[in-house]
Amino acid sequence: MALKLAEVRSLVRAALATRPVEIGCDDCLAQVAAYAERELAGLPVSEALRLVEQHLGNCPECREEYEALLAALRGAMQR
Amino acid sequence: MTRPRLTWVGTFSRMADLRRKMDSVAQVSDEDWLRLLRVPGEQAQAAHRELHALLVRGLRIGLAGRPSAEALIDDFAQEATLRVLAHLDEFRGDSSFVNWALAIAVRVALSELRRARWHDVSLDALTSDLRAEVTLHVPTKEAPTPERAAARAQILAALGQVMFSDLTARQRQLIAAELRGMPQEEIAAQMGTNRNALYKLGHDARLKLQRGLERLGLSADQVMWAFDE
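Residues numbered from 1 in each chain as written. Chains lettered and ligands numbered in written order. Predicted model: local features only at pLDDT ≥ 70, side-chain atom pairs only at ≥ 80, totals over all residues.

1. A word on the overall build of chain B
Right, on to step 1. If you tally the helices and strands in chain B, you get 12 helices and 1 strand.
Right, on to step 2. Along its sequence from the N terminus, chain B presents helices and strands in the succession α-α-α-α-α-α-α-β-α-α-α-α-α.
Right, on to step 3. Taking contacts inside chain B between residues at least 6 apart in sequence as the whole, the part at least 24 apart equals 72%. (Helix = DSSP H or I, 4+ residues; strand = E, 2+ residues; numbered from the N terminus. Contact = placed C-beta atoms within 7 Å.)

Rendered as structure tokens:
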């Protein structure tokens, strides 16, 4: 299995960032709107949402969805 | 539905301000959304239409800059509305109802868009080069110093050891496909599973890789240094 430098870097970074307990994509989806609301209100991440924050750091798909959600909510606030 | 008690007045005030700014949320309470969507009849149909319209509006903003999404936004909102209706009991009140529904709509939309980009790519073909080793392809002009090359060789050997001794064939395939950019929805579809189960499979694989790196006795900084450009 031949990997490029960027791929190896991505693999070791992901491995090193892994925590024994992580939530999956479904749990992230259930809580991501609450996480986004706190972000938009300028509030610190609550203990209950730490696992969401961590998941968003590890899962590019959920991260992409979170950023799109944040953009939509920002748009709603500006109208 | 009662929101969890917020612990300090400032938090409550800022969250309330935020929700007031979101016009749709200010007009219909979460309790009313749930009540209207659950009771059959004309009111429920009107609520479905309103929810669909809100999701369309949110998706137009959230997916701006993705030309492939524009023609599909109405379909995404339709599918998301059905999914929201099927999962009303899972709404816990941690956020506003509309924002929770919008998060579901964004997942529906982006999942479909990702799959459309990748559905012609075969997972097996993409990962056909899985053999009992991990090698690094680095252009000659980027040759590392001898110290870095030695560290890389040591780490790659450790990764290879874990990949081909500790991981299952599905975990190896998942890791390889993710590194090559295939989205989890498509990997899951071709493996006959779902994204949530796939994440857990990947989590277990990453933990094993982490332990393999730890056995080398190197710090995280030393590992990352080895693969700096």
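Here the narrative resumes, following the displayed structure.
2. Some points on the domain arrangement of chain B
Interfaces are often sized by the accessible area lost when the parts come together.
Right, on to step 1. What the domain assignment reports for chain B is domain 1 (9–118) and domain 2 (124–226).
Right, on to step 2. Tallied by class, the residues present in the side of domain 1 of chain B that touches domain 2 of chain B amount to 1 nonpolar, 1 polar and 2 charged. (Domains from an automatic or database assignment. Nonpolar A, V, L, I, M, F, W, Y, C, P; charged D, E, K, R; others polar.)

3. What to know about the interface of chain A and chain B
Right, on to step 1. At the interface, 46 residues of chain A touch 54 residues of chain B.
Right, on to step 2. Tallied by class, the residues present in the side of chain A that touches chain B amount to 29 nonpolar, 6 polar and 11 charged.
Right, on to step 3. Here strand S1 (residues 2–4) of chain A runs beside strand S1 (residues 135–137) of chain B; their pairing, made up of 3 bridges, is parallel. Across the sheet, the residue bridging to Lys4(A) is His137(B), located in S1(B). (Pairing = 2+ DSSP bridges.)

4. So, the nonpolar core
Right, on to step 1. Val32(A), Leu69(A), Ala101(B), Leu102(B) and Ala105(B) are the most contacted members of the largest nonpolar core, which totals 76 residues.
Right, on to step 2. The greatest single-element share of this core, amounting to 12 residues, is contributed by helix H6 (residues 97–118) of chain B.
Right, on to step 3. Among the domains, domain 1 (9–118) and domain 2 (124–226) of chain B are the pair contributing at least three residues each to this core.
Right, on to step 4. Ignoring any residue separated from it by four or fewer positions in sequence, one finds Leu102(B) in contact with Ala33(A), Leu69(A), Ala72(A), Leu55(B) and Gly58(B). (Core = buried A, V, L, I, M, F, W, Y, C linked by C-beta atoms within 7 Å. Buried ≥ 20, exposed ≤ 12 C-beta atoms within 10 Å, placed from the backbone.)

5. Comments concerning the environment of Gln154(B)
Residues and elements named next belong to chain B.
Right, on to step 1. Within the secondary structure, Gln154 sits in helix H8 (residues 146–165).
Right, on to step 2. Look at Gln154 and you get partly exposed, because 14 C-beta atoms sit within 10 Å.
Right, on to step 3. Separated by 69 residues in the primary sequence, Gln154 and Val223 have C-alpha atoms spaced 9.9 Å apart.

6. Re the packing of helix H10 (residues 184–191) of chain B against helix H11 (residues 195–214) of chain B
Residue and element names in this part refer to chain B.
Right, on to step 1. Direction vectors running N to C along H10 and H11 enclose 95°, while the axes themselves pass 9 Å from each other. In terms of orientation, H10 lies roughly perpendicular with respect to H11. From H10, Gln184, Glu185, Ile187 and Ala188 reach across to H11, where they touch Arg195, Leu198 and Tyr199. (Axes fitted to C-alpha atoms, helices over the stretch in contact; angles between N-to-C directions. Parallel < 35°, antiparallel > 145°, perpendicular 65-115°, else oblique.)

7. Some thoughts on the packing of helix H3 (residues 30–38) of chain B against helix H4 (residues 42–62) of chain B
Helix packing geometry: the angle between the two helix axes and the distance between the axes.
All names here are of chain B.
Right, on to step 1. Direction vectors running N to C along H3 and H4 enclose 120°, while the axes themselves pass 7 Å from each other. Between H3 and H4, the angle is such that the two are oblique. Between H3 and H4 lies a crossing whose hand is left-handed. Between H3, through Trp33, Leu36 and Leu37, and H4, the contact on the second element is made entirely by Gln43, Ala44, Ala47 and His48. (Left-handed = near helix turned anticlockwise from the far one by under 90°.)

8. Focus on H11(B)
Right, on to step 1. Taking 1.5 Å of rise per residue, 20 residues should cover 28 Å, and H11(B) covers 28 Å from first to last C-alpha, within 8% of that figure.
Right, on to step 2. For H11(B), the complete set of buried residues consists of Arg195(B), Leu198(B), Tyr199(B), Leu201(B), Gly202(B), His203(B), Ala205(B), Arg206(B), Leu209(B), Gln210(B), Gly212(B) and Leu213(B).
Right, on to step 3. Contacts made by the buried residues of H11(B) are with helix H1 (5–17) and helix H2 (25–40) of chain A together with H8, helix H9 (169–179), H10 and helix H12 (220–226) of chain B. (Expected span 1.5 Å × (residues − 1).)

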